[in-house]
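These are the residues of each chain, in order.
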Amino acid sequence: MKIFVDRVKCQNHGQCAISAPTNFELDSDGELQYQESFDEENIDDIEDAIDSCPLQAITLKS
Ligand code: SF4
């Protein structure tokens, strides 16, 4: 499974970076940067990030 963020929906709110800082962060310009791959041990954080995104921009794809 890989993380996918819909850049059209994403408004760089950053809630995902709070929930799962290992995979999501806002860069110095305030834009979301993220890693598609994640360790299984971080799945709870990734699911929290998905749930916390106010624009439902994050999905998991196989
Ligand atoms: S929480 Fe959602 S809208 Fe905010 S930066 Fe993350 S993916 Fe984008």
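Our subject is the structure listed above.
Residues numbered from 1 in each chain as written. Predicted model: local features only at pLDDT ≥ 70, side-chain atom pairs only at ≥ 80, totals over all residues. Heavy atoms only, no water.

Further remarks concern the overall build of the protein. The number of helices and strands found in the protein is two helices and four strands. Each helix (α) and strand (β) of the protein, taken in turn from the N terminus, gives the series β-α-β-β-α-β. In terms of overall dimensions, the protein is globule-like: its C-alpha atoms have a radius of gyration of 10 Å, near the 11 Å expected for 62 residues. Once the C-alpha set of the protein is aligned to its principal axes, its extents read approximately 30 × 20 × 15 Å. Among the 62 residues that make up the protein, the fraction classed as buried is 29%. A sequence separation of at least 24 residues applies to 57% of the contacts in the protein between residues at least 6 apart. Accessible area of the protein: about 4200 Å², with a carbon and sulfur share of 43%. Side-chain charges of the protein comprise 4 positive and 14 negative groups, with the mean position of each set lying 11 Å from the other. (Helix = DSSP H or I, 4+ residues; strand = E, 2+ residues; numbered from the N terminus. Rg over C-alpha atoms; globule rule 2.2 N^0.38 Å. Buried < 20%, exposed > 50% of the residue type's maximum accessible area, 1.4 Å probe, protein only. Contact = heavy atoms within 4.5 Å. Areas by Shrake-Rupley, 256 points an atom, 1.4 Å probe, with all protein chains shown as cover. Lys, Arg positive; Asp, Glu negative; His and termini not counted. Charge placed at Lys NZ, Arg CZ, Asp CG, Glu CD.)

As a further point, take the site of the ligand. Every one of the 13 residues lining the ligand counts as a neighbour, but Cys 10, His 13, Gly 14, Cys 16 and Cys 53 are closest to it. Comparing atom positions with the cavity grids shows the ligand to sit within the largest cavity. Each residue belonging to the shell around the ligand can be placed in one class, and the counts come to eight nonpolar, five polar and no charged. (Near = heavy atom within 4 Å. 1 Å grid on protein atoms, 1.4 Å probe; cavity = no way out; pocket = protein on both sides within 12 Å on 5 of 7 lines; lining within 4 Å. Sits in = over half its atoms within 2 Å of the grid points. Nonpolar A, V, L, I, M, F, W, Y, C, P; charged D, E, K, R; others polar.)

This brings us to the nonpolar core. In this structure, Ile 3, Val 5, Phe 24 and Ile 58 are the most contacted members of the largest nonpolar core, which totals 14 residues. Among the secondary structure elements, those contributing two or more residues to this core are strand S1 (2-5), helix H1 (15-19) and helix H2 (43-52). (Core = buried A, V, L, I, M, F, W, Y, C linked by side-chain atoms within 4.5 Å.)

With respect to the helices and strands, Asn 42 occurs in the loop between strand S3 (32-34) and H2. The buried category is assigned to Asn 42, whose relative accessible area is 13%. The contact partners of Asn 42, leaving out residues within four places of it in the chain, are Thr 22 and Asn 23.

For the structure shown, the criterion picks out one cavity of 30 Å³ or more. What the largest cavity holds in volume is close to 110 Å³. In terms of lining residues, the largest cavity is bounded by 15 residues, among which Cys 10, His 13, Gly 14, Cys 16 and Cys 53 are the most central. The residue makeup of the lining of the largest cavity, split by class, is 10 nonpolar, five polar and no charged. (Points joined across faces, edges and corners; volume = space filled by probe spheres on them.)

What follows deals with the environment of Asp 27. Positionally, Asp 27 belongs in the loop between strand S2 (24-26) and S3. Spatially, the C-alpha atom of Asp 27 lies 13 Å from that of Gln 11, the residues being 16 residues apart in sequence. For Asp 27, the side chain forms a polar contact with the main-chain nitrogen of Asp 29, separated by 2.9 Å. (Polar contact = N/O pair within 3.5 Å; in protein donor to acceptor, adjacent residues only side chain to side chain.)

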